[in-house]
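Chain by chain, the residues run as shown.
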Amino acid sequence: MNQDDLLLADTNDVLSTLRDLFYLPPNTVYLDGNSLGPLLKRVESRLQKTIREEWGQDLIASWNSHNWIDLPVKVAEKIAPLVGAAKGQVICADSVSVNLFKLLVTALQLNPKRTRVLSVEETFPTDLYMAQGLQKLLGEARCTLSRVKEASLIEEINDETNLIMISHVNFRSGYVNDLKVITETAHRHGAMVLVDLSHSAGVIPIELDALGVDFAVGCGYKFLNGGPGAPAFLYVNQRHQNKVEQPLSGWMGHRSPFDFSADYIPRPGIAQYQSGTPGIIGLSALDEAMTLWADIDIQDVRRKSSALTSLFIDKVQNAAELSDLEIVSPLDVETRGSQVSLSHPDGYEIVQAMIASGVICDYREPEVLRFGIAPLYNSFEDIIRAVDLMKDIVKNKRYRDPAFGDRNDVT
Ligand SMILES: Cc1ncc(COP(=O)(O)O)c(C=O)c1O
C-alpha cells in the first residue's frame, strides 16, 4: 500500500469518525484494545453523572430511582445482539473466571453421568484453572478435565464428553475456532459447548442462538471498552435454563431478595446467574460504552479488521528487517481474529521498545508479540506506523537497551 492508497483506505473507512469518540493519547498508536479498550468520552461523562448525581446526591435511592438494580440485565440486553442472542439469555455479572465456574457446574449438573470437560492446552489459562479447581473440589468421579491440542479438539470429542470449553478466538495466536463445526460435533456426541468470547465480542459477528451454542462467557473490558475490570457477561441458552441451580447462589439471584427469606429460591431465567451486589460504577461505564453499538454494523467492523490485520501481515512479510520474526497468527484471514501475533526470542524487549516509542502492544509467553486491532479507532496509518517502527527497532537492535529487559508484573 503506497501513501495514496493508504489515505484512500482511511478516507473510505466507514468507521473512521468513531475514533474521535475515544480518548487516545497524542502521537500514540494503541494496539492493545484486546487487553484493555480505551476510554470513550461519553463514558467519562456518564461516570461523572453516576458518581456525582446518582451516588453523590441521590445515594441509596438510586437503586430504584436510577434503576441501578436493573443494570445487569439492561447492559446484557445491549450485548446480546452482538453475540447473536435473543432476549433473556445474557446477564452481566462478575468476572469471566467466576462465570466460568457457574457454567461448568451448570453443565455438570445438567448431565451428571458425563464428567469429562474437554478443553485445549492453548486456551486462556483461567479457563483451565477454573476447571482444575472444580475437579479438585468435586473429585475426579464428578469432574475430569481433559486437555488436548487445539488442532485435535474435534477428534477428541466423544460420547463421554459432558462439555467442550473453548475460546472463540485464541488469545495468543488469534486463531478463530470454528464454532459451527465444534457445536455440531459436540451435539452429535450428546455433549455441550461453552465458548469464551473474550477476544471476539465486538470484532467478529457471533451467532450463538443460530449455532445452538449451549453456554458462553465474555469480557467487558476488551473490545467492548467497558473499562479496567469491567463486569463480564454470560450466556445460557434458553433450553438449559430453569433446570438446575447455579452454584454461587447469592441473594441477587434469589427470586425475591428483599423478602430476606432464609431459604434460597432461584429467580427464574438468566437472572439467577447473578450472585452478589453488582458493581454499579463498572456497570454504568459498560452500559454507556455499549450505546456506541446502536449505529455500528458488526459486518463493517469485521471487514475493516480483516483489512487491517492483512495489511499488517503483508507489511511484515515484505520487510527484510523482520525476517527473524515468525508470524504466529493464521495467514488465512477467515481464521484470523482481530490481532496479529508474531514471535521472536527477544519478543518482550521488542515490545518494550515499541511502547517506549509510542506504539502500545503487549507480550505473551512464550515469545509472542501481540498487536490487537480495534477497528473502531485503529486506522490503516496506525498499522503502517507500527510496522515501520518495528522494522527500525529490530534492524538497529534498539531493543537491546538494558532498560527494556526489566520485566514488569503485567506484560
Ligand atoms: C480469553 C480470556 N478469558 C478470560 C480472561 C480473564 O477474564 P477475567 O479476568 O474476567 O476472569 C481473559 C483475560 O485476558 C481472556 O483473554
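Residues numbered from 1 in each chain as written. Predicted model: local features only at pLDDT ≥ 70, side-chain atom pairs only at ≥ 80, totals over all residues.

Colleague: Got a minute to help me understand the overall build of the chain in this structure?
Modeller: Counting secondary structure elements, the chain contains 13 helices and 13 strands. Structurally, the chain occupies a C-alpha span of about 70 × 55 × 40 Å along its principal axes. Considering the chain as a whole, with its 411 residues, one finds that 45% of them fall into the buried category. Here the analysis covers contacts within the chain between residues at least 6 apart in sequence; of these, 71% occur between residues at least 24 apart. (Helix = DSSP H or I, 4+ residues; strand = E, 2+ residues; numbered from the N terminus. Buried ≥ 20, exposed ≤ 12 C-beta atoms within 10 Å, placed from the backbone. Contact = placed C-beta atoms within 7 Å.)

Colleague: I would appreciate a short explanation of the domain arrangement of the chain in the present structure.
Modeller: Buried accessible area, meaning the area lost when the parts come together, often serves as the stated size of an interface. We note that the domain assignment places domain 1 (3–30 + 297–405) and domain 2 (47–294) within the chain. For domain 1 versus domain 2, the separation of C-alpha centres amounts to 30 Å. Listed by partner, the interface residues are 20 residues for domain 1 and 14 residues for domain 2. Only helix H11 (298–317) and strand S10 (339–343) provide two or more residues apiece to the side of domain 1 that touches domain 2. Examining the composition of the side of domain 1 that touches domain 2, we find that 5 residues originate from one element, H11, more than from any other. Of the residues that constitute the side of domain 1 that touches domain 2, the class distribution is 9 nonpolar, 8 polar and 3 charged. (Domains from an automatic or database assignment. Nonpolar A, V, L, I, M, F, W, Y, C, P; charged D, E, K, R; others polar.)

Colleague: Can you help me understand the sheet that holds strand S3 (residues 116–120) in this one?
Modeller: Hydrogen bonding along the main chain pairs the strands of a sheet, whether they run parallel or antiparallel. The mixed open sheet is built from 7 strands, whose spatial order is S2-S8-S7-S6-S5-S3-S4. Either end of the sheet is taken by a strand with one partner, and the two such strands are strand S2 (90–92) and strand S4 (144–148). Taken pair by pair, the neighbouring strands of this sheet meet at an average axis angle of 20 degrees, ignoring direction. Sheet topology note: the S3/S4 ladder contains 5 bridges and is parallel. Looking across to S4, one finds that Ser-119 is bridged to Arg-147. This element, helix H5 (residues 96–110), spans S3, strand S5 (161–167), strand S6 (192–196), strand S7 (215–218) and strand S8 (233–236) of the sheet and lies at about 170 degrees to S7. (Pairing = 2+ DSSP bridges. Axes fitted to C-alpha atoms, helices over the stretch in contact; angles between N-to-C directions.)

Colleague: Which parts of the structure should I look at to understand the environment of Val-43?
Modeller: Structurally, the position occupied by Val-43 is in helix H2 (residues 41–58). Among the residues examined, Val-43 registers 25 C-beta atoms within 10 Å and is labelled buried. For the pair Val-43 and Gly-358, spaced 315 residues apart in sequence, the C-alpha separation works out to 24 Å. Each residue touching Val-43, except ones within four places of it in the same chain, is listed here: Gly-227, Ala-285, Glu-288 and Ala-289.

Colleague: What exactly am I supposed to notice about the site of the ligand here?
Modeller: Around the ligand sit Ser-95, Val-96, Ser-97, Phe-124, Thr-126, Ser-167, Phe-171, Asp-196, Ser-198, His-199, Cys-219 and Ala-232, and that is every residue in its neighbourhood. In terms of residue class, the shell around the ligand is built from 5 nonpolar, 6 polar and 1 charged. (Near = placed C-beta within 6 Å.)

Colleague: What should I look at first to understand the environment of Val-195 in this one?
Modeller: With respect to the helices and strands, the residue Val-195 is situated in strand S6. Sequence-wise, Val-195 and Ala-216 are 21 residues apart; in three dimensions their C-alpha atoms are separated by 4.6 Å.

Colleague: Help me understand the pairing of S8, please; the structure alone is not making it clear to me.
Modeller: In regular strands, side chains alternate between the two faces of the sheet. Alternating residues of S8 divide into Phe-233 and Tyr-235 and Leu-234 and Val-236, and every residue in both groups is buried. Of the strand pairs in this sheet, S2 and S8 are connected by 3 bridges, and their pairing is antiparallel. From the neighbouring strand, Val-90 faces S8, where its bridge partner is Tyr-235. Bridge count between S7 and S8: 4 bridges; the pairing is antiparallel. Residue pairing in the sheet places Gly-218 in a bridge with Phe-233 of S8.

Colleague: Hey, could you run me through the pairing of S3 in this one?
Modeller: S3 sits mainly inside the fold: 4 of its 5 residues count as buried. Of the crossover connections in this fold, the one passing from S3 over helix H6 (residues 125–138) to the parallel S4 is right-handed. Across 4 bridges, the pairing between S3 and S5 is parallel. When the sheet's bridge partners are listed, Val-117 is paired in S5 with Leu-163. (Right-handed = clockwise from strand over helix to strand, strands pointing away.)

Colleague: Is there a simple way to think about the packing of H5 against H6 in this case?
Modeller: In helix packing, the relevant descriptors are the interaxial angle and the interaxial distance, both defined with respect to the helix axes. Two elements in contact, H5 and H6, have axes whose closest approach is 9 Å; the angle formed by their N-to-C orientations is 45 degrees. If you check the angle between H5 and H6, you find them oblique. The two elements H5 and H6 cross, and the hand of that crossing is right-handed. In contact with Val-96, Ser-97, Leu-100, Phe-101, Leu-104 and Val-105 of H5, H6 contributes Thr-126, Asp-127, Met-130, Ala-131 and Leu-134. (Parallel < 35°, antiparallel > 145°, perpendicular 65-115°, else oblique. Left-handed = near helix turned anticlockwise from the far one by under 90°.)

Colleague: Help me out: how do you make sense of helix H12 (residues 347–356) in this one?
Modeller: Every α-helical turn comprises 3.6 residues, leaving residues that sit three or four positions apart pointing alike. For H12, the tally of buried residues reaches 8 of 10 residues, placing the bulk of the element in the interior. Among the residues of H12, those classed as buried are Gly-347, Tyr-348, Glu-349, Ile-350, Val-351, Gln-352, Ala-353 and Met-354. Tucked into the core, H12 has its buried residues touching S10, strand S11 (359–360), strand S12 (362–364), strand S13 (368–372) and helix H13 (380–395). Gly-358 sits one or two residues past H12 and shows a positive phi near 95 degrees.

Colleague: Quick question: what am I supposed to make of the environment of Ala-271 here?
Modeller: Tracing the sequence through the fold places Ala-271 in the loop between S8 and helix H10 (280–290). Note: C-alpha distance between Ala-271 and Gly-253 (18 residues apart in sequence) is 6.0 Å. Setting aside residues up to four positions removed in sequence, Ala-271 forms contacts with Val-73, Ile-91 and Gly-253.

Colleague: When you look at H2 in this model, what are you seeing that I'm missing?
Modeller: The first and last C-alpha atoms of H2 sit 24 Å apart over 18 residues, in line with the 26 Å expected at 1.5 Å per residue. Where H2 bends most, at Thr-50, the angle is about 25 degrees. Looking one or two places after H2, you find Leu-59, whose phi comes out positive at around 45 degrees. (Expected span 1.5 Å × (residues − 1). Bend = angle between axes of the 7 residues up to and from the residue.)

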